[in-house]
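# Close look at the chain arrangement
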Amino acid sequence: AQKVTQAQTEISVVEKEDVTLDCVYETRDTTYYLFWYKQPPSGELVFLIRRNSFDEQNEISGRYSWNFQKSTSSFNFTITASQVVDSAVYFCALSEGRGQGGSEKLVFGKGTKLTVNP
Amino acid sequence: DAGITQSPRHKVTETGTPVTLRCHQTENHRYMYWYRQDPGHGLRLIHYSYGVKDTDKGEVSDGYSVSRSKTEDFLLTLESATSSQTSVYFCAISTDRDRGIYGYTFGSGTRLTVV
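We now turn to the structure provided with this report. (Residues numbered from 1 in each chain as written. Chains lettered and ligands numbered in written order. Predicted model: local features only at pLDDT ≥ 70, side-chain atom pairs only at ≥ 80, totals over all residues. Heavy atoms only, no water.)

### Considering the overall build of chain B
Let me state the cut-off plainly: Per the convention used, a helix needs a DSSP run of H or I reaching at least four residues, while a strand needs a run of E reaching at least two, with both numbered from the N terminus. C-alpha atoms define the radius of gyration, and 2.2 Å times the number of residues to the power 0.38 defines the globule rule. In what follows, residue pairs with any heavy atoms lying within 4.5 Å of each other are defined as contacts. Areas reported here follow the Shrake-Rupley algorithm with a probe of radius 1.4 Å; residue values treat only the protein chains shown as occluding. In summary, the charge assignment counts Lys and Arg as positive and Asp and Glu as negative, without counting His or the chain termini. Working definition for charges: the position is that of NZ of Lys, CZ of Arg, CG of Asp or CD of Glu.
Per the secondary structure count, chain B includes 0 helices and 11 strands. Listing every helix and strand of chain B by position from the N terminus yields β-β-β-β-β-β-β-β-β-β-β. Over its C-alpha trace chain B gives a radius of gyration of 14 Å, about what one expects of a compact globule, namely 13 Å for 115 residues. Considered along the principal axes of its C-alpha atoms, chain B spans approximately 45 × 30 × 25 Å. A separation of at least 24 residues holds for 55% of the contacts in chain B among residues at least 6 apart in sequence. Carbon and sulfur atoms provide 46% of the accessible area of chain B, an area that totals close to 5,400 Å². Across chain B, the centroid of the 13 positively charged side chains sits 2 Å from that of the 13 negatively charged ones.

See the structure below:
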């Protein structure tokens, strides 16, 4: 069965520090997608990135970067020069293989709460 | 923006009463999902739908039922609410990976408290 593990429950850093959020996944599918979502204190879920299993290139978007390594089944997320506005819960998620009617269900990790202190 | 609206946004109900949450989308997406979020558990799938009148159970479906009589609406019903169903409920839609950009969009959530 698919599984996503975010071992870090909470992380606290001081502004401008770099921080890496870990995500390890398990799947028997050869084709799958990985996602990161941000949930700020306001509660909505904000999409950050999607990566498919055939694309192992790392991605950078401003202060955010993602390291996808199939060899270790990891999809880690790094925030460079963290800011107070980065404080949120971050979820890693894995899409399961095709289910009923072609649907693909997301399986979430339990989330990592990041607090960035001024 | 997939145009997902959840209603109500907040609800307090008594144990044993039925409750229905509504998810409405405006872009004709085929796949819709209901998740619940609880501290320490992340988001867990309750039920999902892959078309009108086509639904299936997720990981935590006990005590919940769903209906989808129209493409745009996906209803989640708690037949007899219990305190363990106090949670934040999220609706989501997904696009078909074979038909363009594949992704999920979530509604704003419904905070349900069962007293």
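### Observations concerning the interface of chain B and chain A
To keep it simple, the criterion reads: Accessible surface is computed with a 1.4 Å probe, and the buried area is the amount of it that two parts give up when combined, taken over both parts together. Whenever a carboxyl oxygen of Asp or Glu lies within 4 Å of a side-chain nitrogen of Lys or Arg, that contact is scored as a salt bridge. Classification convention: Asp, Glu, Lys, Arg as charged; Ala, Val, Leu, Ile, Met, Phe, Trp, Tyr, Cys, Pro as nonpolar; all other residues, Gly among them, as polar.
The interface of chain B with chain A comprises 22 residues on the first partner and 21 residues on the second. Of the roughly 2,000 Å² buried between chain B and chain A on both sides combined, carbon and sulfur atoms contribute 54%. The interface formed by chain B and chain A contains 0 salt bridges. Taken together, the elements giving at least two residues each to the side of chain B that touches chain A come down to strand 4 (31-38), strand 5 (42-51) and strand 10 (104-106) of chain B. Here the element with the most residues in the side of chain B that touches chain A is strand 5 of chain B; it accounts for 5 residues. Its residues placed into classes, the side of chain B that touches chain A shows 12 nonpolar, 5 polar and 5 charged.

### Structural notes on the packing of aromatic side chains
Going by this rule: Each pair of aromatic rings taken from Phe, Tyr and Trp, with Trp reduced to its six-membered ring, is defined by centres within 6.5 Å and is described as stacked if the planes are under 30 degrees apart, edge-to-face if over 60, and tilted in the remaining cases. The classification of residues rests on relative accessible area computed with a 1.4 Å probe and restricted to protein chains. Under 20% of the type maximum is buried, over 50% is exposed, and intermediate values are partly exposed.
In total, this model carries 23 aromatic pairs over all chains according to the counting rule given. Taken together, a centroid distance of 5.1 Å and an interplanar angle of 90° make the contact between A:Tyr64 and A:Phe77 edge-to-face. Residue A:Tyr64 is located in strand 8 (residues 64-69), and its partner A:Phe77 is located in strand 9 (residues 74-79); the two are separated by 13 residues in the primary sequence. Take A:Tyr64 and A:Phe77: they sit in the same class, and that class is buried. Each residue in the set A:Phe35, A:Tyr37, A:Phe47, A:Phe91, A:Phe108, B:Tyr33, B:Tyr35, B:Tyr48, B:Tyr50, B:Tyr104 and B:Phe106 is aromatic and connected to the rest through ring pairs, giving one cluster.

### Details of the pairing of strand 6 (residues 54-57) of chain B
As a reminder of what qualifies: Any two strands are treated as partners once DSSP identifies two or more bridges connecting them.
The pairing of strand 5 of chain B with strand 6 of chain B spans 4 bridges and is antiparallel. Note on strand 6 of chain B: the bridge partner recorded for B:Tyr48 is B:Asp56.

### Structural notes on the sheet that holds strand 3 (residues 19-25) of chain B
Residues and elements named next belong to chain B. We apply this condition: Axis geometry follows a simple rule: fit a line to the C-alpha atoms, using only the stretch in contact for helices, then measure angles between N-to-C directions, giving values from 0 to 180 degrees.
Sheet architecture is open: 4 strands sit in the order 1-3-8-7, paired in antiparallel fashion. The open sheet has two free edges, formed respectively by strand 1 (4-7) and strand 7 (64-70), since each of these has just one partner strand. The average angle at which neighbouring strand axes cross in this sheet is 20°, direction not considered. Two elements, strand 3 and strand 8 (residues 73-78), share 6 bridges in a ladder whose sense is antiparallel. Across the sheet, the residue bridging to Leu21 is Leu76, located in strand 8.

### Quick look at the layout of surface pockets
Definition in use: Residues are said to line a cavity or pocket when one of their atoms sits within 4 Å of a point; the points come from a 1 Å grid over protein atoms alone, cavities being sets where a 1.4 Å probe fits but cannot get out and pockets being open sets with protein on both sides within 12 Å along at least five of seven lines. Grid points are joined across faces, edges and corners, and a volume is the space filled by probe spheres set on the points.
As a volume, the largest pocket reaches approximately 760 Å³. Around the largest pocket, the lining comprises 36 residues; the ones closest to its centre are A:Gln39, A:Val89, A:Phe91, B:Gln37 and B:Pro39. Looking at the lining of the largest pocket, the elements that each hand over two or more residues are strand 10 (88-95) and strand 12 (112-117) of chain A together with strand 4, strand 9 (87-94) and strand 11 (110-114) of chain B. For the lining of the largest pocket, the residue count by class is 10 nonpolar, 20 polar and 6 charged.

### Regarding the pattern of salt bridges
Under the criterion given, the structure shown has 7 salt bridges over all chains. If you follow the salt bridges from partner to partner, you end up with A:Arg51, A:Asp55 and A:Glu59 in one network.

### A few points about the nonpolar core
Quick reminder of the rule: By convention a nonpolar core is built from buried Ala, Val, Leu, Ile, Met, Phe, Trp, Tyr and Cys residues, the set being connected through side-chain atoms within 4.5 Å.
In this structure, A:Trp36, A:Trp66, A:Phe77, A:Tyr90 and A:Leu114 are the most contacted members of the largest nonpolar core, which totals 24 residues. Of all elements in the fold, only strand 2 (10-14), strand 3 (19-21), strand 5 (33-39), strand 6 (46-52), strand 8, strand 9, strand 10 and strand 12 of chain A reach the threshold of two or more residues within this core. Per-element accounting of this core gives the leading share, 4 residues, to strand 10 of chain A. Beyond its immediate chain neighbours, meaning those up to four positions away, A:Tyr90 contacts A:Gln6, A:Leu21, A:Trp36, A:Tyr37, A:Lys38, A:Leu48, A:Tyr64, A:Phe77, A:Ile79, A:Gly111, A:Thr112 and A:Leu114. If you look at the next biggest cluster of nonpolar residues, it comprises 21 residues, including A:Tyr37, A:Ala93, A:Leu106 and B:Phe90.

These results come straight from atomic positions and should not be treated as a statement about function.
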